[in-house]
Amino acid sequence: MYKYNDLIDRNVLVTGASGDIGLSICAEFLKQNAHVYALYNSNSADLIQLKDTHPQGDKLHIIQCDLANKDAVTQLCEDLNQQIKQLDILVNNAGVVRDSLFASMSFEDFNTVINTNLFGTFTLIKEVLLLLRASESATIINVASIAALVASVGQANYSASKGALLAFTRTLAAELAPRGVRVNAVAPGMIESKMVKKVSRTVVRDTISAIPLRRLGKCEEVANTIAYLSSTASSYIVGQTIVIDGGMVMR
C-alpha cells in the first residue's frame, strides 16, 4: 500500500460506494486515514460490513442518496454543510447500465443511464462546489470507462454517458483549476467484480486475450490510481484521463 500523508483526515465523498469498485475506493481512503462519506442508492450491506471490519471503520460515514433525484442531492449537500467545513476530494463513481442493442433500446433505458451517469454527476458537483472551494487543494475524480474510448456493442447509452463525462472533465478542469480545484478522470477496463461475473465467459475470455497483461484488472488497482490522483503526488496533473485497462486500448 502506498501512503500519502497529505490524505490523512481529509474529507472524501464517494458516490456509487456500494459496488465492488466503490467499496475498494472507500477502503483505500480509510487506509489513508481519511474521513469517507460513502453514498449508496439501494444496498448498504457491504458498506456496513466494511465499517464494522475495517481498522479505520469509525471514519466511514454511510449515506443513502439517489443521485438521479435533484432534491435528494440538494438535501444531501445541506446535511454535509452542517457536518463539515470543507470537502477535499470528490470521487464520482456512481453509474448504472441498461444494456441492449440500439435497435431495441428504449428511451427510458437511454434516459436512465444518462440521468444517473452524467446529470447526476453534474448536479452533485454543482451542489458541493462551495465546499470543494473551501479546501486548500481540492480534487475531483470522475470514474468513466474505456467504453468512452472504444466501441462497446450494446452500450450506446453507457458509452454516450461516459464519453460525455470525459469531455465534461476536461472543460471543468480548465474552469476550476485557477480556483484551486483539480479535476481528472479514470477509465477502467474490464475489472474483476460481481458485474463482470454476469458477463458471458466467452466474452470475458475474448477480452482477456486482447489485454497485453492477459488478466482482468482488480478493484484495488482502480482505487490506488484514484488515491494517487487525490494526493499532492499528482499536483501537476489536470484535466487528464488515466486509462486502467492492462493495455487493451493501446492495441
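For clarity, every value in this text was computed on a predicted model and none was experimentally measured.

## Side note on the sheet that holds strand β2 (residues 35-40)
Sheet strands pair by backbone hydrogen bonding; their relative direction is either parallel or antiparallel.
(1) Moving on: Strand order in the open sheet made by the 7 strands is β3-β2-β1-β4-β5-β6-β7, with parallel pairing throughout. The open sheet has two free edges, formed respectively by β3 (60-64) and β7 (241-244), since each of these has just one partner strand. This sheet shows a mean twist of 15° between the axes of neighbouring strands, independent of strand direction.
(2) Moving on: The pairing of strand β4 (residues 89-92) with strand β5 (residues 138-143) spans 4 bridges and is parallel. Residue pairing across strands places L90 opposite I140, the latter belonging to β5.
(3) Moving on: Along the sheet, helix α5 (residues 156-176) contacts β5, β6 (181-188) and β7; its crossing angle with β6, the most-contacted strand, is approximately 160°.

## As for the pairing of β6
(1) Moving on: Burial analysis of β6 places 8 of its 8 residues in the buried class, which makes it a mostly covered element.
(2) Moving on: Neither face of β6 is open: one carries V181, V183, A185 and A187, the other R182, N184, V186 and P188, and all of them are buried.
(3) Moving on: Two strands pair when backbone bridges link them, and β5 and β6 are joined in this way by 6 bridges, in the parallel orientation. Looking at the pairing, V143 lines up with V186 of β6.
(4) Moving on: Sheet analysis places β6 next to β7, joined by 4 bridges and oriented parallel.

## A closer look at unusual backbone geometry
(1) Moving on: In this structure, N33 takes a positive phi of about 65° despite not being glycine.
(2) Moving on: Relative to the helices and strands, N33 resides in the loop between α1 (20-31) and β2.

## Observations concerning the environment of V183
(1) Moving on: Counting through the fold element by element, V183 comes out in strand β6.
(2) Moving on: Among the residues examined, V183 registers a relative accessible area of 0% and is labelled buried.
(3) Moving on: For the pair formed by V183 and T123, sequence separation is 60 residues and the distance between their alpha carbons is 16 Å.
(4) Moving on: Look past the residues within four positions of V183 in its chain and what remains in contact with it is I140, N142, T169, L172, A173, L176, V238, G239 and Q240.

## Digging into a nonpolar patch on the surface
(1) Moving on: On the surface, L149, V150, V243 and V249 cluster together to form a nonpolar patch covering roughly 260 Å² of accessible area.
(2) Moving on: As for its position among the elements, V249 is in the segment after β7.
(3) Moving on: Assessed through its relative accessible area of 30%, V249 is described here as partly exposed.

## Here's the deal with helix α3 (residues 70-83)
Since the α-helix advances by 3.6 residues per turn, residues separated by three or four positions end up pointing in the same direction.
(1) Moving on: The terminal C-alpha atoms of α3, which comprises 14 residues, lie 20 Å apart, in line with the 20 Å expected from a rise of 1.5 Å per residue.
(2) Moving on: For α3, every residue scored as buried is listed here: V73, L76, C77 and L80. Within α3, the buried residues cover an arc of 95° as seen down the axis, which keeps them to one side. α3 presents D71 and Q82 as exposed residues on the side facing more than 90 degrees away from its buried surface.
(3) Moving on: Considering only its buried residues, α3 is in contact with β1 (11-14), β2, β3 and α4 (107-133).
(4) Moving on: The N-capping residue of α3, defined by a side-chain oxygen 3.0 Å from the backbone nitrogen of D71, is N69.

## A closer look at the nonpolar core
(1) Moving on: Counting residues in hydrophobic clusters, the biggest one holds 32 residues, and the most contacted among them are V14, I25, C26, F29, V91 and I226.
(2) Moving on: Only β1, α1, β2, α2 (45-53), β4, β5 and α8 (219-230) provide two or more residues apiece to this core.
(3) Moving on: With 7 residues, α1 is the single largest residue contributor to this core.
(4) Moving on: When residues no more than four places from it in sequence are discounted, the contact partners of C26 are V14, A17, V36, A38, L47, L50 and L60.
(5) Moving on: In this structure, L131, I140, V181 and V183 belong to the second largest nonpolar core, which totals 26 residues.

Parameters and conventions
Residues numbered from 1 in each chain as written. Predicted model: local features only at pLDDT ≥ 70, side-chain atom pairs only at ≥ 80, totals over all residues. Heavy atoms only, no water. Pairing = 2+ DSSP bridges. Helix = DSSP H or I, 4+ residues; strand = E, 2+ residues; numbered from the N terminus. Axes fitted to C-alpha atoms, helices over the stretch in contact; angles between N-to-C directions. Contact = heavy atoms within 4.5 Å. Buried < 20%, exposed > 50% of the residue type's maximum accessible area, 1.4 Å probe, protein only. Patch = residues over 30% accessible without salt bridge, like charges linked within 9 Å, V, L, I, M, F, W, Y side chains within 5 Å. Areas by Shrake-Rupley, 256 points an atom, 1.4 Å probe, with all protein chains shown as cover. Salt bridge = Lys/Arg side-chain N within 4 Å of Asp/Glu carboxyl O. Expected span 1.5 Å × (residues − 1). Arc of directions from axis to C-beta. Polar contact = N/O pair within 3.5 Å; in protein donor to acceptor, adjacent residues only side chain to side chain. Core = buried A, V, L, I, M, F, W, Y, C linked by side-chain atoms within 4.5 Å.

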